[in-house]
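# Observations on the model geometry
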Amino acid sequence: MIRMAGTKGIQALKYLLGRNPNAVNKGIAASIPELTMRLGLDGGMAVLNATQTPGDLGDKLLTGLTDFGMSAGSGLVASRPFLGKPGIATGVDAIASIAGGLGSVPVSENVLKTKDKLMGGKGETPWEKMGREEQQRFAAELETEILAQYGLLVPRTNEYLNPGGLGTGGIG
């Protein structure tokens, strides 16, 4: 069963890329440089998206692979009918790749939430986790500031023991 799925997957990839004998010569398949350009742009944007994702390496890989898969896949599928016309196929691929990249955002967010939940977290994306931690830090700072303002906080330093400030040895 796995072998059949692999064979069908390779056949589908060959169909999308137009890889059959003499297909490039007949003008019904994209050339290797053209495919490199198309997939290279998708890969570059996926790497950019992955590097800007907070979190661990797993979060970055999931985001990058989701972005690349959806942008490259949608571009190849949409440009398939235009393989005989390279200029049109490249334009259609670019538009569909942008749409696939934008469509990958909610998909990768759901994948990241699922990953966090499976790893014992609250089911948050790295951005939600950063926001929650920042809110907690802000709340703690605000609480400390309010308690100090009303004199309810015991000071941690005593300015009378070192009136000159740090490093002056009390001179000053």
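This write-up is about the structure you can find in this document. (Residues numbered from 1 in each chain as written. Predicted model: local features only at pLDDT ≥ 70, side-chain atom pairs only at ≥ 80, totals over all residues. Heavy atoms only, no water.)

### Points about the pattern of salt bridges
This structure, assessed with the given rule, holds 6 salt bridges. Notably, a salt bridge pairs arginine 137 with glutamate 134, separated by 2.7 Å at the nearest N-O pair. With a gap of 3 residues between them, arginine 137 and glutamate 134 both fall in helix H6 (residues 126–149), about one helical turn apart. You can call glutamate 134 partly exposed: its relative accessible area is 42%. One continuous salt-bridge network, built from bridges that share partners, spans Asp56, Asp59 and Lys115. (Salt bridge = Lys/Arg side-chain N within 4 Å of Asp/Glu carboxyl O. Helix = DSSP H or I, 4+ residues; strand = E, 2+ residues; numbered from the N terminus. Buried < 20%, exposed > 50% of the residue type's maximum accessible area, 1.4 Å probe, protein only.)

### Here we look at the packing of helix H3 (residues 32–51) against helix H4 (residues 57–79)
Direction vectors running N to C along H3 and H4 enclose 150°, while the axes themselves pass 8 Å from each other. As summarised for this structure, H3 and H4 are arranged roughly antiparallel, according to the angle between their axes. Handedness of the crossing formed by H3 with H4: right-handed. Together, Leu35, Arg38, Leu39, Asp42, Gly43, Met45, Ala46, Asn49, Ala50 and Thr51 of H3 and Lys60, Thr63, Gly64, Asp67, Phe68, Ser71, Ala72, Leu76 and Ser79 of H4 make up the contact between the two elements. Across the contact of H3 with H4, the residue classes break down as 8 nonpolar, 7 polar and 4 charged. (Axes fitted to C-alpha atoms, helices over the stretch in contact; angles between N-to-C directions. Parallel < 35°, antiparallel > 145°, perpendicular 65-115°, else oblique. Left-handed = near helix turned anticlockwise from the far one by under 90°. Contact = heavy atoms within 4.5 Å. Nonpolar A, V, L, I, M, F, W, Y, C, P; charged D, E, K, R; others polar.)

That is the geometry; function is a separate question.
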